[in-house]
Structure formats: structure tokens, C-alpha cells
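Coordinate inspection notes
Residue strings, one per chain:
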Amino acid sequence: MEEMEEELKCPVCGSFYREPIILPCSHNLCQACARNILVQTPESESPQSRRASGSAVSDYDYLDLDKMSLYSEADSGYGSYGGFASAPTTPCQKSPNGVRVFPPAAPPPPAALAPPPPPRNACLTCPQCHRSLVLDERGLRGFPRNRLLEGVIDRYQQGRAAALRCQLCEKAPKEAAVMCEQCDVFYCDPCRLRCHPPRGPLAKHRLVPPAQGRVSRRLSPRKISTCTDHELENHSMYCVQCKSPVCYQCLEEGKHSSHEVKALGAMWKLHKVVRDQISHCTVKLRQTTGLMEYCLEVIKENDPSGFLQISDALIRRVHLTEDQWGKGTLTPRMTTDFDLNLDNAPLLQSIHQLDFVQMKVAWFSFDPASAHADIIFSNDNLTVTCNSYDDRVVLGKTGFSKGLHYWELSIDRYDNHPDPAFGVARIDVLKDAMLGKDDKAWAMYVDNNRSWFMHNNSHTNRTEGGITKGATVGVLLDLTRRTLTFSINEDQQGPVAFENLEGLFFPAVSLNRNVQVTLHTGLPVPEFYASRSAMP
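First, a word on scope: everything that follows refers to the structure included in this document. (Residues numbered from 1 in each chain as written. Predicted model: local features only at pLDDT ≥ 70, side-chain atom pairs only at ≥ 80, totals over all residues. Heavy atoms only, no water.)

Some details on the overall build of the protein
- The number of helices and strands found in the protein is 11 helices and 27 strands.
- The buried share of the protein, taken over its 536 residues, is 43%.
- If you take every contact in the protein between residues at least 6 apart in sequence, the share linking residues at least 24 apart comes to 59%.
- By element, 52% of the accessible surface of the protein is carried by carbon and sulfur atoms, the whole surface being about 29200 Å². (Helix = DSSP H or I, 4+ residues; strand = E, 2+ residues; numbered from the N terminus. Buried < 20%, exposed > 50% of the residue type's maximum accessible area, 1.4 Å probe, protein only. Contact = heavy atoms within 4.5 Å. Areas by Shrake-Rupley, 256 points an atom, 1.4 Å probe, with all protein chains shown as cover.)

Here it is, written out as C-alpha cells:
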């Protein structure tokens, strides 16, 4: 989880985001930090003046790159503006993350001594991608609040706080009061008094606050390594043939006696020709791992609107990261004396599997938040019925945009020959009509004798074979082939029901009070489809 921490920190202040807002470039800023780095631009650069002049119209107008000059130093700097007669000339300050931040403007002189200032508008440059935009009349209120990110930060901080517990409490660990740097143990006050009294040899131990102790654990220097074959000897030489440190005794009587060796200090300095390469690979690996952990936390969110607000941007970042690893940009350089091998296969496999709602086997339930108010939920939202004689729609919590997915619905109750419908739908499908009545759903509706495929109120492919109590309806969504197929009691209903499906689809059911169904997910692909997929 600690690898994810950088994803949760503002690039300006270096602290965890507070009231984060989402910029049009998909990066985040604290609302207060965004206010601090606003730069005033002439009225002629405002969106209103651009609209009046007939130039490009958008909610946020980006400044041309030739209208700003970016500082380029060893660190990743923040851009300041040149080219405007009224651009700020005050020097920039640096945030903890190396981002350049303009200080607050000095108070204006008395009105009697200064001419009235020209009309100005606020301009903001993203500290991460340096993309600039001129704010409209809404100002920072025009940026959406990233409440999903706030939730992830809250859970992360709660997890960190929970980790600082006494390591010696026998039952429920109490909150740690100190950490002993020599013992490397967190103590609550009772355990410290009982197990670490301030007398005898323990009196010389250094006790620090728990938070400082956590940092000390990460930053403490490693102990001098000793030889694995001769535990009393420290490493003093480097075996060029075996590419490993060795001790003096290894050269006298061990397997390295006939090998070429060099001084350990000299080889240590030589290997630092690759220091920048190691640092670059390590930073990229840490960033990628942090991005993955953040994505996994985002997947846990149950707020559809909050998830969809940021999912596209995260998917783009995952694809960009995958491209960076795949194109060999991080392939380590080699020297004649030292080979740096970075095994990125497990990371690449994890990135390929990190596909949000594109898993081959997915577990999900029905979604009360998006369902019609007449839908009745039970069994942890896996079983649904309705309190109305009219058809009502309920969606699954998970939407799919790629991959192969299969789920089943068992008919728990079927009275008076109703016509339930099963299939997939968009998030904004009609909730008070049979599934398939509008163009936002693709469905099979059935009675006790027959079934039909329906989309946009158009019926196709009437098939013999209906449902009764105890029947099982299968829905197979193959977004690789862009098809939708149905089955009843493991028998495929007609040919492929629908083709050329693209976009985001949610499992969907419509029913009335005469029907009750239970959802079964995380299922393998049925045999009739698996055998067909294996054919060339």
C-alpha cells in the first residue's frame, strides 16, 4: 500500500489531497493549491473574448504553447508565463515536490496612487503535464470534485493509523506510544513499562514517536553484509566471474580461489556508471506499482458516477505505462563488468490483468442505486423481485467494455405466465418498461413456451422453449467478438442474438411481481460456446 502513497499526494503541496479537483487533463490538485497557483491573464485571453471573436469555443480554452515559457531545470519545474505585458514578474517558490508555485500577489497600492487595473482572468497550468488553460466565469467551481479520490485517501490513512499498534499486546493491540530504534518494536505504554523498563542496558535505547519510528525503519542503513560461507568475515572483494562479493577467506580456500577478483570499493564505484539507470528503473517501477495499487482501490468503489468520472483517465494512464514498459524505454544499459537485469514480466502480467471491468471472470450483484424504486432486493442484492404488476428494470453493479463474460439467472418464482427479460443495457436505459423497448438495451424475453430477442422494441428470432420455476437463463457477452448469446437450461436459444456491440454494457433484467430471480456470477464459459471458440 505504501507504493500508492505518491498517487494520493498533491504535486504542489506534497501532502495528501484536500478537497481535490479534477483538471481537464485528468490530473488532480488540492482546491487550495489550485487557487495558489492561479496566474492572471489579460482580458483578451478570456473565453468570453474568444467566443466573441469567433475563435475556438470550449469550457476551458488552452493557451498556445508559444504564449508561455517553461523553466527547465534538473528537477521537474512548474511553468511561469512570459509574453504578456501584464504577466507576473515575482519570483517563483518551490513546493515540497519541486513544483514551482507563484506566491500570493502583493497588496495593491492605494486607489488614489494607482490607475485602475485592466480586466483580467485567471489562468491555470497543470504542474504535472504543464498543460495551460484559461478559466471561464465559473473559476475553480467549474472543476468537478474528485470525491472518489478522497475516499481512497481516507481508507489509506485509516490503514496507516491502524498499522501503528503495539506489537506485544496479547489480545486487542493498543495504539503504539513509542518505538524503540534498537529493538525495532512498537510499544504501548503498559507494554513499554512491563517489557522495556528504563533501567539497565535498556536505559540506553532510544525511544521515538511511532510515526518517526516508521520513517526510521524505511531509512535506516543496512547492516554490513557478511559472507554466507564464512559468517565471521565481511565482504572485501568482488568476483568478476561469479559477479558477487566475496570475503578474503573465500579467495584462500573457497571456490573463488582461481577466479578473477577486484577490490570491492573499486567495483562499487564502477558499478555507479549505471546509478542513473538503476534510479530511473526503480522510480518507474515504484510509480507503476503505486498506480496499480491506486487502481485496485478505485475498483472497490461502489459509486458508479464517481468511478466513471475518472475511469477513462486511469485506463489511459495504464495503457501509457504499459507502452513505456513494452517499447523497451526502460531496458537497462550494460557494461563489460556489470549486467543490470530487470525482471518486469510479473509487472507486465499484472498490468495486462488490470483492466478494471474487463476481467474474464467477474463477481457482481444487482445495483440498488440505479434500479427502479419498485424493485425489491434480498440475499445480499443477488435476488430480486418487484412490487408492481408492470415491468421494472434492475442493472448489475459491474459494467463491461472488453472481454468474455458469462452469468446465469435462476427462476425462483414464476406465477401467471409473466414475460421477464434478460440481457444487457446502457446505464441510462429506461427503468419503467420491459428490457429492450428502447435502444439502450439488448434482451431476450420469455414466457412459458417461447422466447424472443428484442432491441429498440423490435422483435426477432422467435424460438421454441420457455421457462418455468427452477429454470436457468444464461447470458454470454463476448466483447471480443462483439456478440450476445442466450441459453435456457444450458441449451443455446437460436443463433447469436445480437452482433456489433460496442461500448459499456451492464447486466440487466426486467420483471414484475410474478417473478423472482437469483443472480449467479463468476462462472466459466459454457461448453457449447467454449467448443465453438476453439474452432479456427
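A look at the pairing of strand β24 (residues 483–488)
- Buried residues dominate β24, accounting for 6 of its 6 residues.
- Burial along β24 is two-sided: the face carrying T483, T485 and S487 and the face carrying L484, F486 and I488 are both buried.
- Summarising the sheet, strand β23 (residues 472–478) and β24 pair through 6 bridges and their orientation is antiparallel. For L476, the partnering residue across the bridge sits in β24 and is T485.
- Connecting β23 to the next strand, β24, in antiparallel fashion are 4 residues, including R482 with a positive phi near 65°.
- Pairing geometry for β24 and strand β25 (residues 491–492), over 2 bridges, is antiparallel. Residue S487 lies in a different strand from β25, and its bridge partner there is Q492.
- The hairpin turn running from β24 into β25, its antiparallel successor, is 2 residues long, and N489 in that turn takes a positive phi close to 50°. (Pairing = 2+ DSSP bridges.)

Describing the side chain of D136
- Residue placement: D136 occurs in the loop between β8 (132–134) and α3 (147–163).
- In terms of polar contacts, D136 uses its side chain to reach the backbone amide nitrogen of R138, at 2.9 Å. (Polar contact = N/O pair within 3.5 Å; in protein donor to acceptor, adjacent residues only side chain to side chain.)

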